[in-house]
Amino acid sequence: MFDLLTSYTLFSLSTVMGFVALATLLHLQFGLAGIVNFGVVGFWGLGMYAFGVLLIQFEVPYPLAMLLAVAIVAAVSLLIGWVIVDLNDQAVLVATLAFGTIVTSLVTTEKWLTEGVVGLGSVPYPVETGDGALWQFVVLTAVTAAIVIYAARIAKTPYGRLLAAKRDNEPLARGLGKNTSRHKLTIFVITCALMGFVGTLSAPVHRFLTPDLIGPGVTFSAWIALIVGGKRHPLGGVLGVALTIFVFDFVIETYVPVPSEHAATVTVIKTIVYGVTLIVALMFRPLGLLGPGRKRGSR
Amino acid sequence: MLELRGIRSGYGDVTILKDVDLTVEAEIFAVLGANGAGKSTLMRTIARLLAVEAGDLRFRGEDVTAVAPNRLAEMGISLVPQEANIFPNLTVRENLSLGTMFGTRSSRSRIDEVFDLFPDIAARADQKAGSLSGGESQMVAFGRALAQEPRLMLLDEPTTGLSPKYVNLLLEKVRQIHDSHGVAILLAEQNAVKALEVASRVLVLSLGKVYLDSPVSETDLEAIQGGYHI
């Protein structure tokens, strides 16, 4: 079976797995807690680059570099969360989108630290034997599975109900004695730190870290996958990624023989299909494929 | 129990309540007035969902003019807002359990007590609250507020839009809650006749000012109606 897992296959599957983790973390932030985070790529990219810089530029030991990178993302998300925690949805959207853009810009301009567009590398696997890519995929899969299980369980806990209550009616939740700001900040920091952690695990998958890895497409792909799959369902991110990123970035790119002169067309078609899928999902199943359908006569 | 002195409050630059004085003891206190008189603003101000522009707000002798809304709940004030007073995506039982964060008794015993008081919603315990009728939703909101073991309940027009059957039922439950639990109740109502049937004291607001404040036993309907004619 492992003969089928070529280095390219492992790279594609690891990328898909990273998106499943990001979309599921976005479910916790948006679907459960109602936090409109459009800076997913900022937290993921910061984790990835912080890890790469610490490991390569400062020669920090591997596990410590990962730990410090996650701590940096947690600290930054705490600062951002403290600013946005009581803002309205539109302001949170703009603030987090701006954060993602700032991270990308800083990575591009601060060449002394990140090597800019030339790229920072190469980020090794923790296990530099022949099976390094396979082990990294296994670790990413295990971490993603843990995140999905956590998402599935938290909704049934008192804390999950509290987050859902806050999402649906924050003033009422506050009137019940809930410190909604603190709970919102806590879930934001935890999930952003986990996005950073996924970023550290994705760094050796990409090997060379370049600014084009952390463009806004990462954020939008995670959002589209979640909305298509079902923002309120813990498996919404899994299904959404399976129907979008997995189909295009793995199945078609790996198994559909597209002539090289038409390779660019596939990317354009992918964007169009993503857009159409999103519109159709919003029209007929606003809460995604795993959410309830639109009631008759509600349009 | 609750004292308001010279309270001014409103929305942004618009002041709705103008120098409102009010003292609520362990009683059912009806707040009446025409649309726009400031009843809901008064409730939201006491619950600290609106900022106090001027004046003092005291609860059981403690100045609560600037405390956070969640702290008020801990002190024993529960609010049942007029609208959006349930969490539609949670079940009835989950809605009720959110009211049991503070208090001395177990969550289960408090929820069971609510189900005893409102058997209609006990049958729908595991149903999403968003699928309930208006009257049933009000019962859930009442029940959740009661599960908080409050000393003072703020009920903001709880019978608005309900059928006569539910109006009578809910106001009877208000009386029961007060009699059996000793909870003080501040009841903002459009339906003056019904409110006066359960209240022992009445306050009439007119354009954000106190028009009348007296015991129900010493007040006739004509005097109250004066507050509705601007």
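Residues numbered from 1 in each chain as written. Chains lettered and ligands numbered in written order. Predicted model: local features only at pLDDT ≥ 70, side-chain atom pairs only at ≥ 80, totals over all residues. Heavy atoms only, no water.

Moving on to the overall build of chain B. Looking only at helices and strands, chain B has 9 helices and 10 strands in total. When the 230 residues of chain B are sorted by exposure, 54% land in the buried category. Put simply, 66% of the contacts in chain B that link residues at least 6 apart link residues at least 24 apart. Per element, the accessible surface of chain B, about 9600 Å² overall, is 47% carbon and sulfur. For chain B, the centre of its 23 positive side-chain charges and the centre of its 30 negative side-chain charges are spaced 4 Å apart. (Helix = DSSP H or I, 4+ residues; strand = E, 2+ residues; numbered from the N terminus. Buried < 20%, exposed > 50% of the residue type's maximum accessible area, 1.4 Å probe, protein only. Contact = heavy atoms within 4.5 Å. Areas by Shrake-Rupley, 256 points an atom, 1.4 Å probe, with all protein chains shown as cover. Lys, Arg positive; Asp, Glu negative; His and termini not counted. Charge placed at Lys NZ, Arg CZ, Asp CG, Glu CD.)

A few words on the packing of aromatic side chains. Throughout the structure, instances matching the rule amount to 10 aromatic pairs over all chains. Measuring from centroid to centroid gives 5.1 Å for A:Phe51 and A:Tyr62, while their planes differ by 75°, and the two rings are edge-to-face. Of this pair, A:Phe51 sits in helix 2 (residues 40-57) while A:Tyr62 sits in helix 3 (residues 62-84), and the two are 11 residues apart along the sequence. Feature note: the residues A:Phe30, A:Phe38, A:Phe220 and A:Trp223 constitute an aromatic cluster, connected by ring pairs. Positioned above the aromatic ring of B:Tyr166 is the side chain of B:Lys165, whose terminal nitrogen or guanidinium carbon lies 4.9 Å from the ring centre. (Phe/Tyr/Trp six-rings, centres within 6.5 Å; stacked < 30°, edge-to-face > 60°. Lys NZ or Arg CZ within 6 Å of the ring centre and 35° of its normal.)

Let us now look at the sheet that holds strand 6 (residues 77-80) of chain B. Residue and element names in this part refer to chain B. Across the sheet, which stays open at both edges, the 6 strands sit in the order 6-7-8-3-9-10 with mixed pairing between neighbours. Two strands in the sheet have a free side with no partner beyond their single neighbour: strand 6 and strand 10 (209-215). Neighbouring strand axes in the sheet, compared pairwise and without regard to direction, differ in orientation by 15° on average. As defined by bridge partners, strand 6 adjoins strand 7 (residues 152-156) across 4 bridges and the pair is classed as parallel. Residue Ser78 lies in a different strand from strand 7, and its bridge partner there is Met153. (Pairing = 2+ DSSP bridges. Axes fitted to C-alpha atoms, helices over the stretch in contact; angles between N-to-C directions.)

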